[in-house]
Amino acid sequence: MKYSKATNYALHTMLHLVITEPEQLVSVHQLADLQKVSPTYLSKILTKLVKAGMIESTSGANGGYRLSRKNPDPSFLEIIHAIEGQASLFECSQNHNEGCLIQQVMIHAEEQMENYLSNKKMSELAAQMKAYQR
């Protein structure tokens, strides 16, 4: 399984925002510099996270991004769905009347992975990072 680079950047961005003070705004340029990515490209990812209600944006000279107060501890799955959508990772290429048995196996595996990712919160990683920094 492979997720897009956008998901990679979104996950790293969200982790950075989780470890940042709640009221502190972080500019797109700061977030882009941390990940060595174009601010224009990262802006598109941030827009998806804003639309999903995970982060808030403030415009202006001192503007930037911070975690949404409505969802301050997003799961990995929420972030992935905001970027990738919710379509299944596998679609059977065969046309079976009774259903594709291979697709049933793949859907079951995907459900297990999604269950794991929905229970993994960014705050857990932030706590691990703080523990390593001590």
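Small disclaimer: the values here were computed from a predicted structure and weren't measured.

## Notes on the pattern of salt bridges
Pairing between side chains of opposite charge can happen when the charged atoms of each approach one another. One pass over the structure, following the stated rule, counts 4 salt bridges. A salt bridge links Glu23 to Arg66; the nearest nitrogen and oxygen atoms lie 3.4 Å apart. In this pair, Glu23 is assigned in the loop between helix H1 (5–19) and helix H2 (28–35) and Arg66 in strand S2 (residues 64–67), connecting sequence segments 43 residues apart. For Arg66, a relative accessible area of 13% puts it in the buried group. In this structure, Glu23 and Arg69 form a salt bridge, with 3.3 Å as the shortest nitrogen-oxygen distance. In this pair, Glu23 sits in the loop between H1 and H2 while Arg69 sits in the loop between S2 and helix H4 (76–84), placing the two residues 46 residues apart along the sequence. Take Glu23 and Arg69: they sit in the same class, and that class is exposed. Several salt bridges share partner residues, and in doing so they unite Glu23, Glu56, Arg66 and Arg69 into one network.

## Focus: the packing of H1 against H2
Closest axis-to-axis distance for the H1/H2 pair is 11 Å, and the angle between their directions is 115 degrees. Along this stretch, H1 crosses H2, giving a crossing that reads as right-handed. Residue-level contacts link Asn8, Tyr9, His12, Thr13, His16 and Leu17 of H1 to Leu31, Leu34 and Gln35 of H2. Tallied by class, residues from the contact of H1 with H2 come to 4 nonpolar, 5 polar and no charged.

## Considerations on the nonpolar core
By size, the foremost hydrophobic cluster in this structure holds 30 residues, and its most contacted members are Met14, Leu42, Ile45, Leu46, Leu49, Ile79 and Met122. At the level of secondary structure, the elements contributing two or more residues to this core comprise H1, H2, helix H3 (39–51), S2, H4 and helix H6 (122–133). If sequence neighbours within four positions are ignored, Met122 has contacts with Leu11, Met14, Leu15, Val18, Asp73, Pro74, Phe76 and Ile79.

## Remarks on the packing of aromatic side chains
The tally for this structure, following the rule as stated, stands at 1 aromatic pair. Where Tyr9 meets Tyr41, the ring centres are 5.7 Å apart and the plane angle is 85 degrees; that geometry is what we call edge-to-face. Placement of Tyr9 in helix H1 and of Tyr41 in helix H3 is noted, with a sequence separation of 32 residues between them. The exposure class assigned to Tyr9 is buried, which follows from its relative accessible area of 16%.

Criteria and cut-off values
Residues numbered from 1 in each chain as written. Predicted model: local features only at pLDDT ≥ 70, side-chain atom pairs only at ≥ 80, totals over all residues. Heavy atoms only, no water. Salt bridge = Lys/Arg side-chain N within 4 Å of Asp/Glu carboxyl O. Helix = DSSP H or I, 4+ residues; strand = E, 2+ residues; numbered from the N terminus. Buried < 20%, exposed > 50% of the residue type's maximum accessible area, 1.4 Å probe, protein only. Axes fitted to C-alpha atoms, helices over the stretch in contact; angles between N-to-C directions. Left-handed = near helix turned anticlockwise from the far one by under 90°. Contact = heavy atoms within 4.5 Å. Nonpolar A, V, L, I, M, F, W, Y, C, P; charged D, E, K, R; others polar. Core = buried A, V, L, I, M, F, W, Y, C linked by side-chain atoms within 4.5 Å. Phe/Tyr/Trp six-rings, centres within 6.5 Å; stacked < 30°, edge-to-face > 60°.

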